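In case you want the letters, here they are:
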Amino acid sequence: MAGCSHDCSSCSENCSSRDSKSLLKKPHELSDIKKIIAVVSGKGGVGKSMTCALMAAAAQNKGKVTAIMDADITGPSIPRMFGVTERAQGSENGILPVVSDGGIQVMSMNVLLENEAEPVVWRGSLISGTVMQFWTDVIWTGVDYMFIDMPPGTGDVPLTVFQSIPLDGIVIVTSPQDLVGMIVQKAVNMANMMNIPVLGIVENMSYIKCPDCGRKISVFGESGVDALALEYGIPNVAKIPIDSELTKAADTGNIENFQNNYLSDFFDKISKKLK
Ligand code: ADP
């Protein structure tokens, strides 16, 4: 193409020399991040942040240096779940993430706002730009596993993250009352378009456990998630029950101390695959 600057990141032409890898952005020069997993969902409220938090807690409990980038700019819930109330600090080199009591590095819109109840009423491009700054301007130190809590759906931010950050894979979160098939299919197709592996699928709010006999009750009917995983070749499936103790732990900022981490084995399986 005439006048090509060979900088695909600032050009929208779809010419033959476009290399999708060239859209990848470098992290901060002082950052060191080994594995990156994005947690995605088709719609809000299905437990994407809960899944992201439990996976991070599982990694941290197994002695991995863990980080969470909360890319859900307009609905950030990660700091609350980890009891993180401090504001992020800057150094002359860049922005430093806030560290949870258990040692997880966290960056989120809510650790930048003066008041966490302040709404973020921004256009998509500004939101995507902020997420990219979480990648390029934040100093992430010696991270074994970074989990990215994506906003729901397949909009601007997921697209920017998929194109700009070298993800090792995604985990898809659904709930049984979701239109599971279609939503999973959309997420799988998006990941395939971007050549990113789907590492696993989590069905949240999958069942409740009878407090008297311990039997699992599928409140929303039988789950089709295993069949779906088989159909799309998704290697790992986890199911999280509706558990009021889990809600309590998340609401009181104690998610990293939650004893019965439903995603502990799931994280093991995924981390083995990523080695
Ligand atoms: P999303 O990120 O998909 O919008 P969240 O993870 O923020 O959803 O979850 C929405 C709400 O449901 C939160 O209050 C969370 O504590 C609660 N929640 C999520 N999963 C469970 C669960 N398995 N059992 C009980 N409460 C849950």
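For the structure, check the block above.
Every value quoted in this text rests on a predicted model; they were computed, and no experiment measured them.

**Q** Residues and numbers for the site of the ligand, please.
**A** The environment of the ligand is made up of 18 residues, and the closest members are Gly45, Lys48, Met50, Asn204 and Pro241. The separation between an oxygen atom of the ligand and a polar main-chain atom of Lys48 is 2.8 Å. Within the side chain of Asn204, one N or O atom sits 2.8 Å away from a nitrogen atom of the ligand. Considered on its own, the ligand offers 560 Å² of accessible surface; in the complex 80% of this is hidden by protein. For the shell around the ligand, the secondary structure elements donating two or more residues are α1 (48-61) and α7 (244-251). Of the residues assigned to the shell around the ligand, the class counts are nine nonpolar, seven polar and two charged.

**Q** Lay out the side chain of Thr66 in plain terms, naming residues and giving numbers.
**A** With respect to the secondary-structure elements, Thr66 resides in strand β2 (residues 66-70). Contact partners of Thr66, with chain neighbours within four places excluded, come to Ala56, Ala59, Gln60, Gly103, Ile104, Gln105, Val143, Tyr145 and Phe147.

**Q** Mind laying out the environment of Thr252, listing which residues take part and the relevant values?
**A** Within the secondary structure, Thr252 sits in the loop between α7 and α8 (264-274). When the C-alpha atoms of Thr252 and Ser264 are compared, they prove to be 21 Å apart, with 12 residues separating the residues in sequence. In this structure the side chain of Thr252 is engaged in a polar contact, spanning 2.7 Å, whose partner is the backbone oxygen of Lys248.

**Q** I'd love a proper account of unusual backbone geometry, names of residues and values included.
**A** The bulk of non-glycine residues show a negative phi, and the bulk of peptide bonds are trans. Look at Asn195: it is not a glycine, yet its phi comes out positive at around 60°. Along the chain, Asn195 falls in the loop between α5 (180-193) and β9 (198-203). Judged by its relative accessible area of 70%, Asn195 is exposed. Within the chain, Met205 stands out as a residue other than glycine whose phi angle is a positive 55°. Assignment of secondary structure puts Met205 in the loop between β9 and β10 (208-209). Its relative accessible area of 27% is what places Met205 among the partly exposed residues.

**Q** Describe the packing of helix α3 (residues 124-136) against helix α4 (residues 156-164), listing the residues and the values that go with them.
**A** Closest axis-to-axis distance for the α3/α4 pair is 9 Å, and the angle between their directions is 35°. Viewed along their axes, α3 and α4 form a crossing whose handedness is right-handed. Each of Gly124, Ser125, Ile127, Ser128, Val131, Met132 and Trp135 in α3 lies in contact with α4, whose residues at this interface are Asp156, Val157, Thr160, Val161 and Ser164. Partitioned by chemical class, the residues of the contact of α3 with α4 number six nonpolar, five polar and one charged.

**Q** Tell me about the environment of Pro27, and please be specific about residues and values.
**A** Its place among the elements puts Pro27 in the segment before β1 (33-41). Sequence separation of Pro27 and Phe134 is 107 residues, and the distance between their C-alpha atoms is 8.9 Å. Beyond its immediate chain neighbours, meaning those up to four positions away, Pro27 contacts Ile33, Trp135 and Thr136.

**Q** Outline the packing of aromatic side chains, listing residues and values.
**A** Both the distance between ring centres and the angle between the ring planes are used here to describe each pair of aromatic rings. Going through the model one piece at a time under the given rule, you end up with four aromatic pairs. Seen from their ring centres, Tyr145 and Phe147 are 6.4 Å apart, and the 20° between their planes marks the pair as stacked. Owing to a relative accessible area of 7%, Tyr145 belongs among the buried residues under this scheme. Centre to centre, the rings of Phe258 and Tyr262 are 6.3 Å apart; their planes meet at 40°, and the pair counts as tilted.

**Q** Explain the nonpolar core to me, using residue names and the numbers behind them.
**A** Counting residues in each nonpolar core, the largest one holds 81 residues, and the members touching the most others are Met146, Ile148, Leu167, Ile170 and Ile255. With eight residues, the single largest contributor to this core is α1. Every residue in contact with Met146, bar those within four places of it in the chain, is listed here: Ile33, Lys35, Ile36, Ile37, Ala67, Met69, Trp135 and Trp140.

Calculation rules
Residues numbered from 1 in each chain as written. Predicted model: local features only at pLDDT ≥ 70, side-chain atom pairs only at ≥ 80, totals over all residues. Heavy atoms only, no water. Near = heavy atom within 4 Å. Polar contact = N/O pair within 3.5 Å; in protein donor to acceptor, adjacent residues only side chain to side chain. Areas by Shrake-Rupley, 256 points an atom, 1.4 Å probe, with all protein chains shown as cover. Helix = DSSP H or I, 4+ residues; strand = E, 2+ residues; numbered from the N terminus. Nonpolar A, V, L, I, M, F, W, Y, C, P; charged D, E, K, R; others polar. Contact = heavy atoms within 4.5 Å. Buried < 20%, exposed > 50% of the residue type's maximum accessible area, 1.4 Å probe, protein only. Axes fitted to C-alpha atoms, helices over the stretch in contact; angles between N-to-C directions. Left-handed = near helix turned anticlockwise from the far one by under 90°. Phe/Tyr/Trp six-rings, centres within 6.5 Å; stacked < 30°, edge-to-face > 60°. Core = buried A, V, L, I, M, F, W, Y, C linked by side-chain atoms within 4.5 Å.

The values reported here are purely geometric and, on their own, carry no functional implication.
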